[in-house]
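Listed here are the chains, written in short residue letters.
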Amino acid sequence: MPRTLRPTGPSLPGPLSPPAFDLAHPATRARWLDIALAILFLSLTFLLGIFPLHDTDFWWHLRTGDLIRDSGNVPRVDPYLFGGAADKPWIDLHWLFQVLLSFGYELGGIDLLNLAKCAITTAGVALLLFTRRPGWPLWIRILAWIPPLLLLAGRMYVRPETLSFLYMSIFLSVIFHWRARPALALLLPFVQLLWVNTQGLFVLGPVLLVFGFLDLLLLREPPELGRRGWSLILGSCLAVGLACLINPYGLRGALFPLELLGTMGNPIFESIGELKPLPTFIREASWSNVPLRIHLSCLALGVASFLLPILGRIVSRLRSFAPSAKSRASTRTRRATNKVPKSKLRAAATENPTWRLRPFRLLLFVTFGILSWKATRNSHQFAAITGAVSAWNFGEWAASWIRTQHDSLPGYRKSHRASVFVLAILSLLIVFVASGRYYAWLGEGRAVGLGEQPLVFPHAAARLSQSPGMPDRSVCFHNGHSAVWIYHNGPDKKTYADARLEVIGPALYQEYHELQQRLALNRGWEERLAEMGNPSLLLDLSQLDSALLTARALDSPHWSCIHFDPIASVFVHRSFPASQNPVDFSRRHFEPDPSTDPADSPSRVALARICRDLAAQIETRLDLAAQLNLLGRGYAHRALLDQGVESQAWKRLGLLEQQRLRLTPTQLSGRFRAPFDPLLDPPLLRATYALESAREDLPDDFSTLVTLLSLYQAQGLTERAYPIADRIVSLTPRNPTQRLVADSLRPQLPALRDQANAPIAREWSNLNELNSVVERLLNAGQAQVAAEVLALARPALERSWAETDRLATLWLRLSTPATARIIWQSARNVPRPALQNSRVGWTYLIEEDYTDARNHFEQALFTEPALFEAAIGLALLELDAGHREPAIRRIDDALKLAPDSASRAQLQEWRELADPR
């Protein structure tokens, strides 16, 4: 039986092809494994694009597509902005994409466009994957494509760059094959014609042609082009250049990429995330950032695809200088066994040249690597180039190596094992992505699905500008929100600036940034807006820095907040009629309106965060800050009752309660040793319990850990503070702030550890010694050890009420209200049953169990109507629950029992919250 010379391709002679379904034949198994590999890899590519829309540029593209279809004209001046960019010339080379977007949205909405994006990207990846020479193993090309594919997926948006990716794939494939099939170059002018009317990246087409030409000139290898081949390629390249002029703007449109390059190169735009250079991103995001790691791994992969084959050739050359007797014998045996005519070997070498450093690939990788280094937005094109170049380099290298191994069946077996290994990797990746764990690992907030990403697009806030009594102009602080505003209101109404940097330019962007800074600093922003005619303000609420702008606007007596949701707020100057219906934050808590009150848990959690951020930053209207805190607490409590967001709800509750603290640093110090105080202690106890509850599911959440640490350290609870500090230091910082906190904690760790683990004798023989042991433990901040000593000191049935109360209070301060409740409930010979019921009620309230807390407080007041502790607990419960009338009644009852002025002042504040009239 003849031996097969080359199991991986048809270029070398061998036996006839096996039957298609003869799975016993190694070649058939290899073919079906390749088919399975291709299907899984392209399925993974498609799946990586199935995530909800969250790119805000989509909306101004869609609006412009609608305008072009309605008017039949491509815009030549900007129709959307007022001020510095009003009627500014606009070269909209995206017009073809925008028209297609408009048609697609009309036919099938966002879901259809999302699926179309996935299909286009998959087609481009497939084209590059199968652009290869015969004999290149598919498994190694797919393996080389995996990191670039993950990087590519990071920007797999419904954007013009998706079509640019397809066009670039066609260019790369044609240039790869044009030496053997020069007629393919005739396709490029038509692709370029589409490209120049899709995006400014059309300039990459001529750049790729230049690199391809240099490769033809510098690298002499068969097949030779001949006169006809050169004529086809040169003529097609000339036609590509002419195609660049066929756009609505002619020569200026063809030269637009140069203008765009100058605009985008301005350092002022580096503050925008996608325009940041990679070194800046590394410095700010740190090495723990997963997308950054993927990007850097692609750089390393591309470099390795050149270096490893070079090193392999060097090693092979060195070995060839001194072949061993065994290798010489093996060579003679292979030659004797595999006699192939020289003509066929030359033909095989033509189809399968050995690996060599090819200028085209090197120029591609270096150029696009530099572009990605300068701005992260170029990662999409860089991923495509890295995937193609790495697959080509490794595929060619592997094929060259396989040709030196003339053992057919072992070669098949090795290929089978490698293919099965890559199949397993692809299967695991598909499960990893489909389950959502991949996106959780990335930390980007994506999910598998269609439609729109929740809590991203401020549609309700943008549509408000269509209401009567609203200004015709708006300023949106978050450039992305301007796109949504334009979609709903433009071009009839105007906005100040948007994300089209080529339109607004550096000067207007600087003015926009300065106006934002004025608002953040609360200096001169009202005067500047008055010069503009007092446009409405649409303010982002997604980040702490942007929430600061809303806090400053809330402080102003001249502006009215008329819209407030989990995404954005809207403010109107009081000179406009629309300002007469401001948002009533108190009413939202006590009388929620279904039209404004979110029903889903993520929105409630988001609003709880926003309310806390705003309350912390309002400077003058402290009554409004208190209303926001109360409203945020209500949202967080309702979210806690839902499934799936408990940890986030606990976190928000903890941060909101921490903001309620009225204890001074002196009062906080050693607080864990004090008796329970129903006026001062609830915010502290509720904050630490909520944050500890959040920590169970979010053990590495930085803000949770830092807040808990500050509360424990302020009290002197070293025993609880040390593990948290140690955890914070062990985490990889994700930004400069986290790195600064970790660096400041690191020197403190030894002292905290020594104090938390200080060996203190626990033996005692009488009550005096017991008290001495407990005091020493408490002085060292070892409260839990002290509580354990007290618990073992006397059986529950023999403890006095004072001992029971001290022990239970200590456990309550250690964020274990369930343990404290058991201790209080197990007490015997209780002198005041009402006090026992009240303390148990507080444990339930700390756990956010309003029903059981209310029952115990009411039972305590029924037994002892003058018990202030139960009265104030019930008043706080009804206030937090959003029951206006019961809250006012309970607060009034507690005011009659208030023992001092501090209690009366606190209750009076609560009454003003419940009845702000």
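Residues numbered from 1 in each chain as written. Predicted model: local features only at pLDDT ≥ 70, side-chain atom pairs only at ≥ 80, totals over all residues. Heavy atoms only, no water.

Enquirer: Please set out the packing of aromatic side chains residue by residue, giving values where relevant.
Expert: Counted according to the given criterion, the structure contains 30 aromatic pairs. Ring geometry for F432 against W441: centres 6.2 Å apart, planes inclined by 45°, an arrangement best described as tilted. Classification of F432 as partly exposed rests on a relative accessible area of 27%. Considering the side-chain rings of W650 and Y689, the 5.4 Å spacing of their centres and the 90° angle between planes classify their relative orientation as edge-to-face. Remark: Y689 occurs in helix α29 (residues 681–697) and W650 occurs in helix α27 (residues 646–660); sequence separation between them is 39 residues. In this structure Y689 comes out as buried when scored by relative accessible area, which is 16%. (Phe/Tyr/Trp six-rings, centres within 6.5 Å; stacked < 30°, edge-to-face > 60°. Buried < 20%, exposed > 50% of the residue type's maximum accessible area, 1.4 Å probe, protein only. Helix = DSSP H or I, 4+ residues; strand = E, 2+ residues; numbered from the N terminus.)

Enquirer: Report on the pairing of strand β1 (residues 473–477), specifying residues and quantitative values.
Expert: Residues in a regular strand point their side chains to alternate faces of the sheet. In terms of burial, β1 is largely enclosed, as four of its five residues are buried. Across two bridges, β1 lies against strand β2 (residues 494–495) in parallel orientation. For R473, the partnering residue across the bridge sits in β2 and is K494. Between the parallel pair β1 and β2, the chain is carried across by helix α20 (residues 479–489), and the sense of this crossover is right-handed. Of the pairings in the sheet, the one linking β1 to strand β3 (residues 536–540) comprises four bridges and is parallel in character. (Pairing = 2+ DSSP bridges. Right-handed = clockwise from strand over helix to strand, strands pointing away.)

Enquirer: Tell me about the pattern of salt bridges, and name the residues and values.
Expert: Considering all chains together, one arrives at 44 salt bridges under this definition. The residue R500 makes a salt bridge to D498 at a minimum N-O spacing of 2.7 Å. Overall, D498 belongs to the buried group, its relative accessible area being 1%. Put simply, E803 and R794 hold a salt bridge, and the shortest N to O gap is 3.2 Å. The class for E803 is partly exposed, based on a relative accessible area of 30%. R794 gets classed as partly exposed once you look at its relative accessible area, which sits at 25%. In the salt-bridge network here, residues are joined through shared partners; they are R633, E657, R660, R686, E848 and D880. (Salt bridge = Lys/Arg side-chain N within 4 Å of Asp/Glu carboxyl O.)

Enquirer: Break down the sheet that holds β2 for me, citing the residues and quoting the values.
Expert: If you walk across this open sheet you meet the five strands as β2-β1-β3-β5-β4, and the pairing is mixed. The two strands at the open ends of the sheet, each matched to only one other strand, are β2 and β4 (559–564). Pairing analysis gives five bridges linking β4 to strand β5 (residues 568–573), with the strands arranged antiparallel. Residue pairing for β5: W559 is matched across the bridge by H573. Against the sheet, helix α21 (residues 501–521) touches β1 and β3, its axis set at about 75° to β1. (Contact = heavy atoms within 4.5 Å. Axes fitted to C-alpha atoms, helices over the stretch in contact; angles between N-to-C directions.)

Enquirer: For helix α15 (residues 359–374), give the residues involved together with the corresponding values.
Expert: Helix length check: α15, at 16 residues, gives a terminal C-alpha distance of 23 Å against a target of 22 Å (1.5 Å per residue), a fit within 8%. Of the residues making up α15, those classed as buried are P359, F360, R361, L364, F365, F368, G369 and S372. (Expected span 1.5 Å × (residues − 1).)

Enquirer: Give a detailed account of empty space enclosed by the protein, specifying residues and quantitative values.
Expert: The full count for this structure, using the stated rule, is two cavities of 30 Å³ or more. Space inside the largest cavity adds up to approximately 160 Å³. Lining the largest cavity are 14 residues, and of these R133, I175, F176, D215 and F360 lie nearest its centre. Mapped onto the lining of the largest cavity, the elements with two or more residues apiece are α5 (160–177), α7 (204–218) and α15. If you tally residues by element for the lining of the largest cavity, the top one is α7, at three residues. Estimated volume of the second largest cavity: approximately 30 Å³. Together, F51, L53, H54, D55, N114, K117, M156, Y157 and V158 line the second largest cavity. (1 Å grid on protein atoms, 1.4 Å probe; cavity = no way out; pocket = protein on both sides within 12 Å on 5 of 7 lines; lining within 4 Å. Points joined across faces, edges and corners; volume = space filled by probe spheres on them.)

Enquirer: Run through the side chain of Q836, naming residues and quoting values.
Expert: Its place among the elements puts Q836 in helix α38 (residues 833–846). For Q836, a relative accessible area of 15% corresponds to the buried category. Apart from residues lying up to four places away in sequence, Q836 is in contact with W801, W824, Q825, A827 and V830.

Enquirer: Could you give an account of a nonpolar patch on the surface, naming the residues involved and the relevant values?
Expert: Where nonpolar side chains cluster on the molecular surface, the patch consists of V303, L307, L308, I310, L311, I314, L318, L357, L362, V366 and I370 and spans about 900 Å² of accessible area. Going through the elements one at a time, α12 (290–321) and α15 are the ones with two or more residues in the nonpolar patch. Examining the composition of the nonpolar patch, we find that seven residues originate from one element, α12, more than from any other. By the element assignment, L311 lies in helix α12. (Patch = residues over 30% accessible without salt bridge, like charges linked within 9 Å, V, L, I, M, F, W, Y side chains within 5 Å. Areas by Shrake-Rupley, 256 points an atom, 1.4 Å probe, with all protein chains shown as cover.)

Enquirer: I'd like a rundown of the side chain of T804, residues and numbers included.
Expert: Positionally, T804 belongs in helix α36 (residues 801–813). When residues no more than four places from it in sequence are discounted, the contact partners of T804 are R799, I823, W824 and A827.

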